[in-house]
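# A structural walkthrough
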Amino acid sequence: MSWQVFYMEDPDAKQWIDVVKMYMCNNLGVTIDFDALKELSDRTSGDYASLYSNGQKLALYSQHISYADVNLMVTKPLEDNTFQLFNHLLNKNNSLLIE
């Protein structure tokens, strides 16, 4: 038995948008608005497992994916929440920290 090793570079932002579009349209058979495609690619940010699970969830939810669908169904990356928390602390918005 012989083994082959393949090296794959992580896709850049534009390539990732293409990967997301191909997966959603070709594999899952749904249509997706451009702003929804951009948001989904930002929220999955190169993570194939996240794209797979969130794509499946969206495809079950609707056959035409809109920005509102992505906003409702796909969680924001943890880094976004960290920046929001920091901004609330910086601005002393203590009541907003609980969200």
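In this text the structure is predicted, and so the values were computed from the model without any measurement.

Look at helix α1 (residues 13–27) against helix α2 (residues 34–44): their axes get within 9 Å of each other, and the N-to-C directions meet at 110°. Looking at the two axes, α1 sits roughly perpendicular to α2. Relative to α2, α1 is oriented so that their crossing is right-handed. Listed contacts from α2 to Trp 16, Ile 17, Val 20, Lys 21 and Met 24 of α1 are Leu 37, Lys 38, Leu 40, Ser 41 and Thr 44. For the contact of α1 with α2, the per-class residue count stands at six nonpolar, two polar and two charged.

Attention shifts here to the nonpolar core. Ranked by internal contacts, the top residues of the largest apolar core, which has 17 residues, are Val 20, Met 24, Ile 32, Leu 40, Leu 58, Ile 65 and Val 70. Put simply, the parts of the chain that give this core at least two residues each are α1, α2 and α3 (48–61). Tallying contributions element by element places α1 first for this core, with five residues. The residues contacting Leu 40, other than those within four sequence positions of it, are Val 20, Met 24, Ile 32, Leu 51, Asn 54, Leu 58, Val 70 and Val 74.

A separate point is the packing of aromatic side chains. Taken as a whole and judged by the stated rule, the model has two aromatic pairs. Pairing Trp 16 with Tyr 48 gives two aromatic rings, centres 5.0 Å apart and planes at 85°, and the pair type is edge-to-face. Here Trp 16, found in helix α1, pairs with Tyr 48, found in helix α3; they are 32 residues apart in sequence, far enough to count as distant. Trp 16 gets classed as buried once you look at its relative accessible area, which sits at 3%. The class of Tyr 48 is partly exposed, set by a relative accessible area of 44%. Their ring planes at 50° and their centres at 6.2 Å tell us that Tyr 23 and Tyr 52 sit as a pair that is tilted.

Reading guide: rules and limits
Residues numbered from 1 in each chain as written. Predicted model: local features only at pLDDT ≥ 70, side-chain atom pairs only at ≥ 80, totals over all residues. Heavy atoms only, no water. Axes fitted to C-alpha atoms, helices over the stretch in contact; angles between N-to-C directions. Helix = DSSP H or I, 4+ residues; strand = E, 2+ residues; numbered from the N terminus. Parallel < 35°, antiparallel > 145°, perpendicular 65-115°, else oblique. Left-handed = near helix turned anticlockwise from the far one by under 90°. Contact = heavy atoms within 4.5 Å. Nonpolar A, V, L, I, M, F, W, Y, C, P; charged D, E, K, R; others polar. Core = buried A, V, L, I, M, F, W, Y, C linked by side-chain atoms within 4.5 Å. Buried < 20%, exposed > 50% of the residue type's maximum accessible area, 1.4 Å probe, protein only. Phe/Tyr/Trp six-rings, centres within 6.5 Å; stacked < 30°, edge-to-face > 60°.

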